[in-house]
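# Structural features, examined
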Amino acid sequence: MYPIRVVTISRQIGSMGFAIGKLVAQNKGWQFVCREAINQAAIRAGTPQAALAMIDEFNLFGFKLTPDEHQAYIQSIAKVMSELAEQGSIVILGRAGQVILADRPDTLHVRIAAPAEIRAHRLAERHKISLQAAKAQIAASDKYRSTYLKRFYNVDWKDPNLYDLIINTARITQTEAADLIQILIDRGKNG
């Protein structure tokens, strides 16, 4: 048994993954990291525009990165994420943590998902937008995230083998999802 010191969370937009990750971190007294790691990596790579391009899921800014900028960014993300994992007591949201930290026995990899229709209703309500606009955002985000993992890590974002736990938030509350993750953290993990 290995104690769990790191949790990575991969989530679909509208699945409540951000809130669940933040809740786990708060309940455990751990650090919660999302875009900070992205920005640190881009600064280290000397390509701050890479951070903007990589968080711009809907291509609103129209940044085009060179292959060298992409590679420098990906290498920096891996370095930052590994450094954060070494510190422990951390929940890392997104950016292929389930792939980058796949070989760490002290890391729990979680995927948060929900049916597209439920996610669309959540987005429409939260952002006060039409259901049609929410569905378009979901389709664009899912495509972006899937393409990102395929392009840079050659993995299928939906592959259940990348995760130790997959939670469907269609009928599970944020609190229940966080409780499930915390149970696994407290029990540790077989290496």
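Let me begin by describing the structure that accompanies this report. (Residues numbered from 1 in each chain as written. Predicted model: local features only at pLDDT ≥ 70, side-chain atom pairs only at ≥ 80, totals over all residues. Heavy atoms only, no water.)

## Focus on the overall build of the chain
Note the threshold: Put simply, DSSP marks the helices as runs of H or I at least four residues long and the strands as runs of E at least two long, and each gets a number from the N terminus on. When accessible area is computed with a 1.4 Å probe and restricted to protein chains, residues below 20% of their type maximum are described as buried, those above 50% as exposed, and intermediate ones as partly exposed. Here, residues are in contact when the closest pair of their heavy atoms is within 4.5 Å. Per-residue and other accessible areas were derived by the Shrake-Rupley procedure at a 1.4 Å probe size, with only the shown protein chains allowed to occlude residues.
Each helix and strand in the chain was counted, giving eight helices and five strands. When each of the 191 residues of the chain is scored for burial, the buried share is 48%. Expressed as a percentage of contacts within the chain between residues at least 6 apart in sequence, the contacts between residues at least 24 apart total 73%. For the chain, the accessible area works out to roughly 9,700 Å², and carbon and sulfur atoms hold 52% of it.

## A look at the nonpolar core
Here is the rule we go by: Residue types Ala, Val, Leu, Ile, Met, Phe, Trp, Tyr and Cys, when buried and joined through side-chain atoms within 4.5 Å, form a set referred to as a nonpolar core.
In this structure, L84, I92, I100, L101, Y148 and Y153 are the most contacted members of the largest nonpolar core, which totals 23 residues. Those elements giving two or more residues to this core turn out to be α4 (67-87), β3 (90-93) and α7 (131-153). Considering every element that reaches this core, the biggest residue donor is α4, with seven residues. In contact with I100, not counting residues within four places along its chain, are I77, A78, M81, R95 and Y153. I20, L108, V110 and A178 belong to the second largest nonpolar core, which has 21 residues in total.

## Digging into the side chain of R104
Summarising the element assignment, R104 is placed in the loop between α5 (97-100) and β4 (107-113). Other than its neighbours up to four places away in sequence, R104 contacts R5, A85, E86 and K189.

## Notes on the side chain of R95
Topologically, R95 is positioned in the loop between β3 and α5. The class of R95 is buried, set by a relative accessible area of 14%.

## Topic: α4
Threshold: Expected span, for any helix, means 1.5 Å times one less than how many residues it has. Picture the helix axis, draw a direction to every C-beta atom, and the arc is the one those directions span.
Taking 1.5 Å of rise per residue, 21 residues should cover 30 Å, and α4 covers 31 Å from first to last C-alpha, within 8% of that figure. Turning to α4, its buried residues are E69, H70, Y73, I74, S76, I77, V80, M81, L84 and A85. An end-on view of α4 places all buried positions within 165° of arc, on one side of the element. Turned more than 90 degrees off the buried face of α4, the exposed positions are P67, D68 and E86. The positive-phi residue at the C-terminal boundary of α4 is G88, with phi of around 75°.

## Remarks on the pattern of salt bridges
Close approach of charged atoms allows side chains of opposite charge to pair. Note the following rule: Any Lys or Arg side-chain nitrogen found within 4 Å of a carboxyl oxygen on Asp or Glu counts as a salt bridge.
Applying the stated rule across the entire model yields six salt bridges. Here D106 makes a salt bridge to R104, at a shortest N to O gap of 2.9 Å. Take D106: its relative accessible area is 9%, and that puts it in the buried class. R104 gets classed as buried once you look at its relative accessible area, which sits at 17%. What you see here is one network of salt bridges that share partners, running through R5, E86, R104 and D106.

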